[in-house]
Amino acid sequence: MSIAYFLSRRGAEPIVIERHEVAGSASGKSGGFLAMDWCRGTALDRLARRSFALHAELADTLGNPWGHRRLETFAGWAAENETARGAKRRHGFPTGSRSRPARLAANHGLVEPRGFTTGLMRAAEAQGPSCGAARSWI
């Protein structure tokens, strides 16, 4: 839907073909969690940061029908035996574990995936014939 939306903004008339409905499968049922810095230090870092910023821009531009919002999150780790040197860290806090906080971060976000996907489709369709428009075939 993102490709259809951006192509329609450039005057193209993309056609989206779905078997059942727009956002009826994985695109509408994913977690919707956004993280700006999980790719820090990798070749994907710039792309991840741009994607994170683009979600906020799209929400502002299109009225945010998918509930985009920034989140403040907490990350931590736990080890079964914290006195053991080099104890393996485990995410989550299993029973009987000792835990240590890792960080509090505000560089995460959330969208409702079905709303995001269908919202982009509606925005692509709304571009109109003079600007190009997306059509959905089901």
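Scroll up for the structure.
A brief report on the enclosed structure follows. (Residues numbered from 1 in each chain as written. Predicted model: local features only at pLDDT ≥ 70, side-chain atom pairs only at ≥ 80, totals over all residues. Heavy atoms only, no water.)

**Observations regarding the overall build of the protein chain**
Logical step 1: Helix and strand counts for the protein chain stand at four helices and five strands.
Logical step 2: Going from N to C terminus, the protein chain has its helices and strands arranged as α-β-α-β-α-β-β-α-β.
Logical step 3: Relative to its full complement of 138 residues, the protein chain shows a buried share of 33%.
Logical step 4: A separation of at least 24 residues holds for 69% of the contacts in the protein chain among residues at least 6 apart in sequence.
Logical step 5: Surface exposure of the protein chain reaches about 9,200 Å², of which carbon and sulfur atoms provide 53%. (Helix = DSSP H or I, 4+ residues; strand = E, 2+ residues; numbered from the N terminus. Buried < 20%, exposed > 50% of the residue type's maximum accessible area, 1.4 Å probe, protein only. Contact = heavy atoms within 4.5 Å. Areas by Shrake-Rupley, 256 points an atom, 1.4 Å probe, with all protein chains shown as cover.)

**Topic: the pattern of salt bridges**
Logical step 1: Scanning all chains against the criterion turns up four salt bridges.
Logical step 2: Arg 49 serves as the salt-bridge partner of Asp 45, at 3.1 Å between the closest nitrogen and oxygen. With Asp 45 and Arg 49 both in helix α3 (residues 45-62) and four residues apart, this pair spans about one turn of that helix.
Logical step 3: Its relative accessible area of 17% is what places Asp 45 among the buried residues.
Logical step 4: With a relative accessible area of 29%, Arg 49 lands in the partly exposed category.
Logical step 5: Put simply, Arg 50 and Glu 57 hold a salt bridge, and the shortest N to O gap is 2.9 Å.
Logical step 6: You can call Arg 50 partly exposed: its relative accessible area is 42%.
Logical step 7: Judged by relative accessible area, which is 37%, Glu 57 ranks as partly exposed. (Salt bridge = Lys/Arg side-chain N within 4 Å of Asp/Glu carboxyl O.)

**Examining unusual backbone geometry**
Logical step 1: A positive phi is found at Asn 64, a non-glycine position, where the angle reads about 55 degrees.
Logical step 2: As for its placement among the helices and strands, Asn 64 is situated in the loop between α3 and β3 (69-79).

**Comments concerning α3**
Logical step 1: For α3, built from 18 residues, the straight-helix expectation of 26 Å at 1.5 Å per residue is met to within 8% by its first-to-last C-alpha distance of 26 Å.
Logical step 2: Looking at the residues trailing α3, positive phi occurs at Gly 63, about 85 degrees. (Expected span 1.5 Å × (residues − 1).)

**Brief notes about the side chain of Asp 37**
Logical step 1: Structurally, Asp 37 can be placed in the loop between β2 (33-35) and α3.
Logical step 2: Overall, the relative accessible area of 6% leaves Asp 37 in the buried class.
Logical step 3: A polar contact of 2.6 Å, which involves the side chain of Asp 37, links it to the side chain of Asn 107. (Polar contact = N/O pair within 3.5 Å; in protein donor to acceptor, adjacent residues only side chain to side chain.)

**A closer look at the environment of Ala 126**
Logical step 1: As for its placement among the helices and strands, Ala 126 is situated in the loop between α4 (113-125) and β5 (135-137).
Logical step 2: Overall, the relative accessible area of 63% leaves Ala 126 in the exposed class.

**What about the nonpolar core?**
Logical step 1: Judged by nonpolar contacts, the single largest core of 16 residues is most densely connected at Tyr 5, Leu 58, Trp 66, Val 111, Phe 116 and Leu 120.
Logical step 2: Broken down by element, the residue count for this core peaks at five residues, all from α4.
Logical step 3: Setting aside residues no more than four positions away along its own chain, Val 111 makes contact with Gly 31, Gly 32, Leu 34, His 55, Trp 66, His 68 and Phe 116. (Core = buried A, V, L, I, M, F, W, Y, C linked by side-chain atoms within 4.5 Å.)

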